[in-house]
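# Secondary and tertiary structure notes
Residue-level listing of the chains:
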Amino acid sequence: MEVILRSSAAFASTKPLVVCSSGRNPSNFSSSVLVSYHFPVKKSRIRVCYSLSSKEQKIVNGFSAQSRGRRNGYKKIIHSLWCLDKRFVLHFGGFVLKPDCVSGLRKFEKALRAERFSNFFPSFSLRVIVGVMIVMTLSAAVTKSPSWALTEENLLFLEAWRTLDRAYIDKTFNGQSWFRYRENALRSEPMNTREETYAAIRKMVSTLDDPFTRFLEPQRFKSLRSGTRSSLTGVGISIGYPTAKDKSASGLVVISAAPGGPANKAGVLSGDLLLAINDKSTENMGIYDAAERLQGPEGSAVELIVRRGTETRHLSLIREEVSLNPVKSRICKAPGSGKDDPLIGYIKLSSFNQNASGAVRKAIETLRGNNVNAFILDLRDNSGGLFPEGVEIAKIWLDKGVIVYICDSRGVRDIYDTDGSNAAAASEPLVVLVNKGTASASEILAGALKDNKRAVVLGEPTYGKGKIQSVFELSDGSGLAVTVARYETPAHTDIDKVGVIPDHPLPISFPKDEDSFCGCLQDPASACYLNRVALFSR
């Protein structure tokens, strides 16, 4: 048999190395011969010759004359292979094997394994060396095939794939082989233009069947990020998908309407169904697409179809800049004995944007400076926002304890807790107000205060969004909103599609604005009246 080894650029000056099995006279071999072995008919003697040449043209030659037995001959062969491994193997790009030589190579391996070389070379190393030769031989055809270069569009698709691979909560990826999907998509999905690549990414994301995991084109990604800032231009509503409590609902549900915003002034309430935006049905519309349609230039009009119960309304709203100042506060005086009437600090938290925790801390300091001795934290119609802000606000009210457990498919992945070092109001009586518009980060905060016995929770069951999304920006300015985890309250309650269950309900007529709220604490004749003892009682 004959095997020709091709050297790399580092050994371009050397001749091909040849492994030969031949009955020819060794004197006929050229300097390119690596190993030759010959078994005469009697199989009692062996001839070995070898020649190794390096880049510097240094030649190591060896020859064994006919010898008694095979042991010495085999030692020569093994020494030659050892020299090849030590001096040349790592520099070769592969070798070509003639088709009729495979059986000879196997015969050579079998012959090598027939004897023990424990005094010279470990037996497992023989298997490694010969195995490498076989693998390299069989892969030679692959090295001859043309290489396939990834385009810029392919690389963007792979960037999105890797983001989901690292971050997505469900490591079964909705019961599919994620690696196989990648390979199939690169082969079959057209990715010649940026729009085709976006379509391929959207198709990939859709296989996860997760309404909260979305691909966002650059403009939509920018729009999503603006929602965590101090203001935006739109109609002032937060929207979500119908939950298990609204099984028969189609379209999108209004989670909350910002106080004083166009939707709020038109009478839109949390729980209303949003059926259409500018005559476009929301039945199969994603929340990000809907959010983009609701926003627009200040002063422009948007047409909405909203349903509450059996009543359907057509609304024409004018977009305006909606302030997202997350905190409003005031002092409510509860009935008491004259000048010593107890003072209650009321804090309305409407969103968890980047200003939220600082604004809550400032409100507490202001109210405490006016001698309040109890607090009410109103989270009604707060649809959430930034997860870290929810955790930081919980630290303000707690002296110690777990705030939230972050879980994935394998169980608890992370624990957020507090040691009280950031507490600002950890001892005063506290009531938290919630409703079905309380969602996401608001539910984390309400669940932490309830399970740690820090607050009494009043109202109705919350929205029930127990999944956490993170937003990842891709290299071209687009992005992915990815469900990265689910959370459990400190009592290990999974609230997804269930919500936080309050300790007590509120009177149906209990108002949402802070001015009317104080009246319900002061007027015993009011239908919404709650005395101070009942308010803070468990």
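Numbering of residues begins from 1 in every chain and follows the order in which that chain's sequence is written. In keeping with the model being predicted, local features are shown solely for residues with a pLDDT of at least 70 and side-chain atom pairs are shown and tallied solely at 80 or more, while totals for entire chains, interfaces and linings include all residues. Water and hydrogen atoms play no part in the side-chain values, which are based on all heavy atoms of the structure.

### Here's the deal with the overall build of the protein chain
Helix and strand definitions follow DSSP, with helices as H or I runs of at least four residues and strands as E runs of at least two, each counted in order from the N terminus. Across its full length, the protein chain holds 15 helices and 24 strands. Type-normalised accessible area, obtained with a 1.4 Å probe on protein chains alone, sets the label of each residue: buried when under 20%, exposed when over 50%, and partly exposed for intermediate values. Counting only residues that meet the buried cut, the protein chain has 47% of its 538 residues in that class. Throughout, a contact is declared for two residues whenever any of their heavy atoms are within 4.5 Å. Contacts in the protein chain between residues at least 24 apart in sequence constitute 66% of all its contacts with a sequence separation of at least 6. Accessible surface, the protein chain as shown: approximately 26600 Å² in total, 51% of it carbon and sulfur. All accessible-area figures derive from a Shrake-Rupley calculation using a 1.4 Å probe, and residue coverage is judged against the displayed protein chains alone.

### Some remarks on the packing of helix α11 (residues 356-369) against helix α12 (residues 387-397)
An axis is simply a line fitted to the C-alpha atoms; with a helix, the fit covers only the stretch in contact. Between two such axes, the angle follows the N-to-C directions and lies from 0 to 180 degrees. Direction vectors running N to C along α11 and α12 enclose 20°, while the axes themselves pass 8 Å from each other. Here α12 runs roughly parallel to α11, going by the angle between their axes. The hand of the α11/α12 crossing is right-handed. Within the contact between the two elements, α11 uses Ala356, Ser357, Val360, Arg361 and Ile364 and α12 uses Glu389, Glu392, Ile393, Ile396 and Trp397. For the contact of α11 with α12, the class distribution of residues is six nonpolar, one polar and three charged. With respect to orientation, any angle under 35 degrees is reported as roughly parallel, any angle over 145 as roughly antiparallel, any angle of 65 to 115 as roughly perpendicular, and every other angle as oblique. By definition, turning the near helix anticlockwise from the far helix through less than a right angle yields a left-handed crossing, and turning it clockwise yields a right-handed one. In this count, Pro and Cys sit with the nonpolar residues alongside Ala, Val, Leu, Ile, Met, Phe, Trp and Tyr, while Asp, Glu, Lys and Arg are called charged and the others, Gly among them, polar.

### Quick look at the packing of aromatic side chains
Aromatic contacts are taken between Phe, Tyr and Trp rings whose centres are within 6.5 Å, Trp giving its six-membered ring; a plane angle under 30 degrees counts as stacked, one over 60 as edge-to-face, and the others as tilted. Scanning all chains against the criterion turns up ten aromatic pairs. Residues Trp178 and Tyr181 carry aromatic rings whose centres are separated by 6.0 Å and whose planes lie at 15° to one another, so their mutual orientation is stacked. One end of the pair is Trp178 and the other is Tyr181, both in helix α6 (residues 178-188) and three residues apart, which spans about a single turn. The rings of Trp161, Tyr168, Phe173, Trp178, Phe179 and Tyr181 are connected pair by pair, giving a single aromatic cluster. Of note, Arg182 hangs over the ring of Trp161, and the distance from its end group to the ring centre comes to 4.6 Å. Note on geometry: a ring has a charge over it if NZ (lysine) or CZ (arginine) is within 6 Å of the ring centre and within 35 degrees of the ring normal. When the ring centre of Phe212 is taken as reference, the NZ or CZ atom of Lys465 above it lies at 5.1 Å.

### Structural notes on the state of the cysteines
In this description, the term disulfide denotes a pair of cysteine sulfurs within 2.5 Å. The full count for this structure, using the stated rule, is two disulfides. In this model, Cys332 is linked to Cys518 through a disulfide, with the two sulfur atoms separated by 1.7 Å. One quick way to see it: the torsion about the S-S bond of Cys332 and Cys518 is about -60°, and its sign makes the bridge left-handed. Of this pair, Cys332 sits in strand β16 (residues 327-333) while Cys518 sits in helix α14 (residues 514-522), and the two are 186 residues apart along the sequence. Judged by its relative accessible area of 0%, Cys332 is buried. For Cys518, a relative accessible area of 3% puts it in the buried group. Covalently, Cys520 is tied to Cys528 through a disulfide, its sulfur atoms 1.7 Å apart. Handedness here is read from the sign of the S-S torsion; for Cys520 and Cys528, about -90°, the answer is left-handed.

### Re the sheet that holds strand β18 (residues 374-378)
Reading across from one edge, β16-β17-β18-β21-β22 is the order of the five strands in this open sheet, with mixed pairing throughout. Where the open sheet ends on each side, the last strands, each with one partner, are β16 and β22 (456-459). The mean inter-strand angle of the sheet, taken between neighbouring strand axes irrespective of direction, is 20°. By definition, two strands form a pair when at least two bridges between them are found by DSSP. Judged from the seven bridges that link them, β16 and strand β17 (residues 343-349) form a sheet pairing that is antiparallel. Residue pairing for β17: Lys333 is matched across the bridge by Leu343. The strands that helix α13 (residues 441-451) touches are β17, β18, β21 (430-434) and β22; relative to β21, the one it contacts most, it runs at about 140°. Each of β16, β17, β18 and β21 is contacted by α14, which is oriented at about 25° to β16, the strand it contacts most.

### A short note on the pairing of strand β13 (residues 301-308)
In this structure, strand β11 (residues 273-277) lies alongside β13, joined through four bridges in antiparallel fashion. Considered in β13, the bridge of Ala276 is made with Ile305. Hairpin geometry of β13 and strand β14 (residues 311-318) is characterised by an intervening segment of two residues between the two adjacent antiparallel strands and by a positive phi of about 65° at Gly309.

### A few points about the nonpolar core
We define a nonpolar core as any set of buried Ala, Val, Leu, Ile, Met, Phe, Trp, Tyr and Cys residues linked to one another through side-chain atoms lying within 4.5 Å. Formed by 68 residues in total, the largest nonpolar core has its most connected members in Leu349, Leu377, Trp397 and Val432. At seven residues, the largest contribution of residues to this core is made by helix α5 (residues 152-167). Leaving out residues up to four positions away in the same chain, Leu377 has contacts with Ile347, Leu349, Trp397, Leu430, Val431, Val432, Leu433, Leu445 and Leu449.

### Things to note about the environment of Tyr463
Take Tyr463: it is sitting in the loop between β22 and β23 (467-473). For the pair formed by Tyr463 and Gly437, sequence separation is 26 residues and the distance between their alpha carbons is 5.9 Å.

### Some details on unusual backbone geometry
Even without being glycine, Phe173 reaches a positive phi, approximately 50°. Within the element layout of this structure, Phe173 appears in the loop between α5 and α6. Even without being a glycine, Asn174 presents a positive backbone phi close to 60°. Residue placement: Asn174 occurs in the loop between α5 and α6.

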